[in-house]
Amino acid sequence: MVVVLATLVVPTVTAQKINDAVFKAKLEKSNADIANPKKAGKAATWLNRGKICADAITEPTKNLFSGLEVSMLPMSIGVTPTEVKDNIHSFDWIDVYTKDGKVIAWSVKKEVLPGAYEIAKEAFEKAYELDPASAPKIKTALEALINHYSELGSVSLDITAYKTAIDVYMKAVQLQQNPAIGKEDSRYYFFAGQLAAFLGAQEPQYFVDGEKYLTKANELGYKDEQGNLYYFLFHCYYGQRAANKENLLKAKNALLEGIEKYPRNERIMEGLIQLYTSEEGIGNPADLVERIDKMLAEKPDNADLWFARGQVFFKLKNFDECINSFLKINDLKPNDYDTNFYLGYFYMAKGDEVNRAFNARLDSINSQEEYQAGLKEVNAAYMKSLPWLEKAMELKPDSVDCAEYLKVLCFRLRNEDGIMDKYNKYNAIFKKLKGIQ
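Residues numbered from 1 in each chain as written. Predicted model: local features only at pLDDT ≥ 70, side-chain atom pairs only at ≥ 80, totals over all residues. Heavy atoms only, no water.

Draft legend 1. The arrangement of the packing of helix α13 (residues 266-278) against helix α15 (residues 303-315) in detail. Between α13 and α15, whose axes approach to 10 Å, the crossing angle comes to 45 degrees. Relative to α15, α13 is oriented oblique. The handedness of the crossing between α13 and α15 comes out as right-handed. Here Glu 266, Met 269, Glu 270 and Ile 273 of α13 lie close against α15, whose contacting residues are Phe 307, Ala 308, Gln 311, Val 312 and Lys 315. Broken down by class, the residue content of the contact of α13 with α15 amounts to five nonpolar, one polar and three charged. (Axes fitted to C-alpha atoms, helices over the stretch in contact; angles between N-to-C directions. Helix = DSSP H or I, 4+ residues; strand = E, 2+ residues; numbered from the N terminus. Parallel < 35°, antiparallel > 145°, perpendicular 65-115°, else oblique. Left-handed = near helix turned anticlockwise from the far one by under 90°. Contact = heavy atoms within 4.5 Å. Nonpolar A, V, L, I, M, F, W, Y, C, P; charged D, E, K, R; others polar.)

In structure tokens form, the structure reads like this:
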């Protein structure tokens, strides 16, 4: 009796290996069906063909999802892995990547039906051509396959399988071109484009692909919050400059369009500074200021434009104009954390400049009075950053960066009246935020 009860409560795992022979047999029957003129003229024949291939594509990973407990893998796959090494669980058809006891990604090692994607795509297109009224059924089948590729693209990023991610994102948008859906997702073009921009440094052909994908994303109206599309497009054009000098101008125009739409994007501004300072004849950084000043003449209360102006002058190490730009932002938004933090940071940079100049003339200083006067000038420059950083700390009490800057600044100024107490205060705050005993 005890043995029987024990048998009842033990969970049963049924080995459910992928039988590729079954899928091949179904495809062979479909081949015969489309060779039959009567059956080949029916949308249902082609829809069924597409589903056979779509099922073959999704079969190896259909029960997987990111976050799945590792202990559930044998149950989900249907068999135990053939090998587990470095958190990679190998199965016949896929490798599953895990971290901290959970599935984070997977990769397909071989196809159940070779060429299934092309066959499925063609079949769904033929089904719509024969009977547009069957669009809802075609759309349902397509969306399941598109979601499969979208998820595979996402998890491929976690294991830096960027080429795979590009491939599956492009497969997803190609399926969306079927009239049953008829609307491409601009995100897939953007995702593929930014990955291609990254890969182009090793394989220049990807710069060409990236340009194509990002341009298409832009045409489809893709909008990312920060405007990084223009930054990646710049890299794709810039990476092709040796092949065609016109690409250098296209790179510049991509950045200029980007900075006009997203003036706070530091990547775009850094790209412009890099371009203007490293490529002869492409432009002068002063042109950027002139361009931004013209925009400010029309929109003097646009804080983002003042931010961009400040960025340019900071890169040019013109700290006075940089600070003036951010003081204007402060007039517009006096209780903005970023503005107060950056003003503190820029005044510290200005202090570093004054300090370097002081150190450069140490050998020529002939008296203690002259030395003390120089040191006083340095400390006075640094002191200007203190009220801004303190205001920023009030606005964002959990800012580790701000607490650290205040700690460092106050230690430097510790011999000034009352500053040692401030050092102790901000050092304690920094340690608390960092969890340091």
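Draft legend 2. How the structure looks around helix α18 (residues 368-383). For α18, with 16 residues, the first-to-last C-alpha span of 22 Å sits near the 22 Å given by 1.5 Å per residue. When α18 is considered as a whole, its buried residues turn out to be Gly 374, Val 378, Asn 379, Ala 381 and Tyr 382. Seen end-on, α18 carries its buried residues on one side only, within an arc spanning 155 degrees. Within α18, the exposed residues directed more than 90 degrees away from the buried face are Glu 369 and Lys 376. (Expected span 1.5 Å × (residues − 1). Buried < 20%, exposed > 50% of the residue type's maximum accessible area, 1.4 Å probe, protein only. Arc of directions from axis to C-beta.)

Draft legend 3. Local environment of the packing of helix α17 (residues 337-360) against helix α20 (residues 400-412). Two elements in contact, α17 and α20, have axes whose closest approach is 12 Å; the angle formed by their N-to-C orientations is 35 degrees. The handedness of the crossing between α17 and α20 is left-handed. Residues Tyr 337, Phe 341, Tyr 345, Met 348 and Asn 355 of α17 pack against Asp 401, Cys 402, Tyr 405, Leu 409 and Arg 412 of α20. Its residues assigned to classes, the contact of α17 with α20 comprises seven nonpolar, one polar and two charged.

Draft legend 4. Focus on the layout of surface pockets. In this model, the second largest pocket occupies a volume close to 260 Å³. As for the second largest pocket, its lining consists of 18 residues, of which Ile 57, Val 108, Glu 111, Tyr 149 and Lys 171 are closest to the centre. Every element with two or more residues in the lining of the second largest pocket is listed here: α4 (43-58), α6 (116-130), α7 (135-158) and α8 (162-176). Examining the composition of the lining of the second largest pocket, we find that four residues originate from one element, α8, more than from any other. (1 Å grid on protein atoms, 1.4 Å probe; cavity = no way out; pocket = protein on both sides within 12 Å on 5 of 7 lines; lining within 4 Å. Points joined across faces, edges and corners; volume = space filled by probe spheres on them.)

Draft legend 5. Seen up close, the pairing of strand β4 (residues 102-108). The sheet contact formed by strand β3 (residues 94-99) and β4 spans six bridges and is antiparallel. In the strand pairing of β4, Lys 99 is matched with Lys 102. The loop that links β3 with its antiparallel partner β4 comprises two residues; one of these, Asp 100, has a positive phi angle of about 55 degrees. (Pairing = 2+ DSSP bridges.)

Draft legend 6. Structural view of unusual backbone geometry. Even without a glycine there, the phi angle at Asp 86 is positive, about 55 degrees. One can find Asp 86 in the loop between β1 (83-85) and β2 (88-90). Phi at Thr 160 is positive, roughly 55 degrees, even though this residue is not glycine. Of the residues examined, Thr 160 reaches a relative accessible area of 54% and is grouped as exposed.

Draft legend 7. Up close: the pattern of salt bridges. A complete count under the given rule lists 25 salt bridges for this structure. Between Lys 216 and Glu 184 there is a salt bridge, with its nearest N and O atoms 3.8 Å apart. Remark: Glu 184 occurs in the loop between α8 and α9 (186-199) and Lys 216 occurs in helix α10 (residues 205-219); sequence separation between them is 32 residues. Accessibility expressed as a relative area gives 18% for Glu 184, which makes it buried. Between Arg 187 and Asp 185 there is a salt bridge; the shortest N-O distance is 2.6 Å. Exposure remark for Arg 187: the relative accessible area of 41% places this residue in the partly exposed category. Members of the salt-bridge network, linked through shared partners, are Lys 29, Asp 33 and Lys 39. (Salt bridge = Lys/Arg side-chain N within 4 Å of Asp/Glu carboxyl O.)

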